[in-house]
Amino acid sequence: MGLMASEEVTTSSATGTATTAPAVPTGRTGSTGGTDLTGEAGSARAAAAAGKQAATRAWATRLVIVGIVLAALNLRPAITSLGALLEEVRDGLGMSGTLAGLLTSVPPLCFAAFGSLAPRFARRFGAGAVVCGGMVAIATGLLIRPFLGGTVGFLAASALALMGIAVSNVLMPVIVKRWFPDRVGSMTGLYSMALALGTSLAAAITVPVTDALGGSWRAGLAVWAAVAVVAIVPWIPLVRERGTDGAATERVPAAVRRQDEDLRITHSRTAWALACFFGLQATAAYITMGWLPQIFRDAGVPAGEAGVLLAVTMAMGVPLAFVIPRVATRLSHQGPVVVALGTCGLAGYAGLYFAPAGGAWAWALLCGISNCAFPLALTMVGMRAKSSAGVAKLSAFAQSTGYLISIPGPLLVGVLYQHSGGWGLPIALMAGLMVPQIVVGVLAGRDRTIEDEVAQRAAAAGAGA
């Protein structure tokens, strides 16, 4: 991004990573054998260059932190703002119930399809440039989708915004690993907290904002494009640095680069465990967001209170999303955190089964704590690979596969509810899915990296041959 002109940058085209070495001023030798710079003057100039370089690094790092927070704020409003106005959108576009159901299934489909392309884009253009492009796609999609005049156009514009969300979802852990390799927990926590805040704000204020804008659902949805436009700005300087992502590129040993180049992610058991954990926690989150208010309403809780209970569940993710990654990175094995979150989920489901109205607030809090498996999954993505290139492959695989796994869950809950006439079977399914989530989460939390795991497997296969 033009920030480190005083550095020599060596970039690996295969991984998109780079190592940097400060350029040292050297004197020019004249015809008489003397130099233009004395040792003292050269040292002073080198010190000045180093000071300027340090100041530039600090400024660039702060800019990336701002960019991460603003990007995270924009990764869910496209979804939750639509949920708040779905009835008005259906009426305005003449959308059938089937199409409305398809619309609610589009996010995980787009996350799975487009997220898998993110590492390829990052290798070619740089992760920062791709995130910047993702913010542009989100802003454009949110701005045009209410005004295209038909269901097909609305779906296409939604898919554009979701594409931007998908690639940014995958590359956020990569950005964190590359710029903050020693602060993965705290930066993942900050990113996750901002994401949870954006989710809750869009759900809570979209309807009041729509009313303030004259009651037009089109204006109520389009206003979120302005937030995405703001998020573009911090990433613009990174667009100019293709493949290096600026000053904070990591130093990666050659052996690790070779491992990442040859890495077959599907040969890693940890990668599969993490993908399944990601998919099952996403299933639980989508079921909670889609069905929890209805569970409370069917139990006799007033509609307004049921909405507040969902908001409380979502709001739990704001503080805990910052705390849990910091705790997780201090542990060699994240299994205990997985078990604690899963136990809260099982307790919440038990409460919903036996006394949904009597302890509604407690069950909402427990489900909210359980849903914080999402920032834990992101943290483990950053911890289970040695470099940002490895994190890119693991993040794309875990999130794409995980979102595919999550698609049937909310639909199956609806089918069971419709055919059984009650919430007993759906809640039993939710509790049943929590058990394998705990199991695969414990497996994914073991202290190992995918590079070492795949290398050990290849070595064992070679010895067997």
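Definitions and limits used
- Residues numbered from 1 in each chain as written.
- Predicted model: local features only at pLDDT ≥ 70, side-chain atom pairs only at ≥ 80, totals over all residues.
- Heavy atoms only, no water.
- Helix = DSSP H or I, 4+ residues; strand = E, 2+ residues; numbered from the N terminus.
- Expected span 1.5 Å × (residues − 1).
- Bend = angle between axes of the 7 residues up to and from the residue.
- Buried < 20%, exposed > 50% of the residue type's maximum accessible area, 1.4 Å probe, protein only.
- Contact = heavy atoms within 4.5 Å.
- Core = buried A, V, L, I, M, F, W, Y, C linked by side-chain atoms within 4.5 Å.
- Phe/Tyr/Trp six-rings, centres within 6.5 Å; stacked < 30°, edge-to-face > 60°.
- pLDDT = per-residue confidence, 0-100.
- Polar contact = N/O pair within 3.5 Å; in protein donor to acceptor, adjacent residues only side chain to side chain.
- Axes fitted to C-alpha atoms, helices over the stretch in contact; angles between N-to-C directions.
- Left-handed = near helix turned anticlockwise from the far one by under 90°.
- Nonpolar A, V, L, I, M, F, W, Y, C, P; charged D, E, K, R; others polar.

Examining helix 7 (residues 151–179)
Right, so step 1: Taking 1.5 Å per residue, 29 residues should reach 42 Å; helix 7 reaches 41 Å between its end C-alpha atoms and fits that length.
Right, so step 2: For helix 7, the principal kink sits at Leu171 and spans about 35°; a proline, Pro173, occurs within the next four residues.
Right, so step 3: Within helix 7, 24 of the 29 residues are buried, which leaves it mostly tucked inside the rest of the structure.

Observations regarding the side chain of Ser395
Right, so step 1: Locating Ser395 in the fold gives a position in helix 18 (residues 388–406).
Right, so step 2: Residue classification places Ser395 among the buried positions, given a relative accessible area of 0%.
Right, so step 3: Setting aside anything within four residues of it in sequence, one finds Ser395 in contact with Asn169, Val170, Pro173, Val381 and Ser400.

Side note on the nonpolar core
Right, so step 1: Residues Ile68, Val89, Leu171, Trp235, Phe277 and Leu376 are the most contacted members of the largest nonpolar core, which totals 93 residues.
Right, so step 2: Ranked by residue count, the leading element in this core is helix 7, at 14 residues.
Right, so step 3: The residues touching Leu376, leaving out its near neighbours within four places in the chain, are Phe277, Ile324, Ala328, Gln334, Val337, Val338 and Leu341.
Right, so step 4: Residues Leu292, Ile295, Phe296 and Leu352 belong to the second largest nonpolar core, which totals 24 residues.

Focus: the packing of aromatic side chains
Two aromatic rings are characterised by how far apart their centres lie and by the angle between their planes.
Right, so step 1: Taken as a whole and assessed by the stated rule, the structure comprises 9 aromatic pairs.
Right, so step 2: Judged by centre distance (5.3 Å) and plane angle (80°), the rings of Phe278 and Tyr403 are edge-to-face. Of this pair, Phe278 sits in helix 12 (residues 269–298) while Tyr403 sits in helix 18; the two residues are 125 residues apart in sequence, bridging distant segments of the chain.
Right, so step 3: Among the residues examined, Tyr403 registers a relative accessible area of 3% and is labelled buried.
Right, so step 4: When the centroid spacing of 5.0 Å and the interplanar angle of 75° are considered together, the rings of Tyr353 and Phe354 count as edge-to-face.
Right, so step 5: Residue classification places Tyr353 among the partly exposed positions, given a relative accessible area of 46%.

Digging into the environment of Ile68
Right, so step 1: Looking at the element boundaries, Ile68 is found in helix 1 (residues 39–73).
Right, so step 2: The sequence separation of Ile68 and Thr188 amounts to 120 residues, and the corresponding C-alpha distance is 9.6 Å.
Right, so step 3: Beyond its immediate chain neighbours, meaning those up to four positions away, Ile68 contacts Met172, Ile175, Val176, Phe180, Met187, Tyr191 and Trp235.

Focus: the confidence of the model for the chain
As a note on interpretation, predicted positions should not be read in detail where pLDDT is low.
Right, so step 1: Per-residue pLDDT for the chain has a mean of 83; in total, 82% of the residues score no lower than 70.
Right, so step 2: Here strand 1 (residues 7–11) stands out as the least confident element of the chain, with mean pLDDT 33; helix 15 (residues 335–354) is the most confident, with 97.
Right, so step 3: Long-range and interchain partners of residues 242–248, a stretch whose pLDDT sits below 50, account for 27 contacts in this model, where long-range means more than four residues apart.

Some words on the side chain of Thr313
Right, so step 1: You can see Thr313 is positioned in helix 13 (residues 303–315).
Right, so step 2: From its side chain, Thr313 meets the backbone oxygen of Ala364 in a polar contact 3.1 Å long.
Right, so step 3: Beyond its immediate sequence surroundings of up to four residues, Thr313 is in contact with Thr288, Leu292, Ala364, Cys367, Gly368 and Asn371.

Structural notes on the packing of helix 8 (residues 184–212) against helix 17 (residues 373–383)
When two helices pack together, their arrangement is captured by the angle between the axes and the distance separating the axes.
Right, so step 1: At a closest axis distance of 10 Å, the pairing of helix 8 and helix 17 adopts a crossing angle of 145°. Our pair here, helix 8 against helix 17, has a crossing hand that is right-handed. Contact residues: Val184, Thr188, Tyr191, Ser192 and Leu195 in helix 8; Phe374, Pro375, Leu378, Thr379 and Gly382 in helix 17.
Right, so step 2: Broken down by class, the residue content of the contact of helix 8 with helix 17 amounts to 6 nonpolar, 4 polar and no charged.

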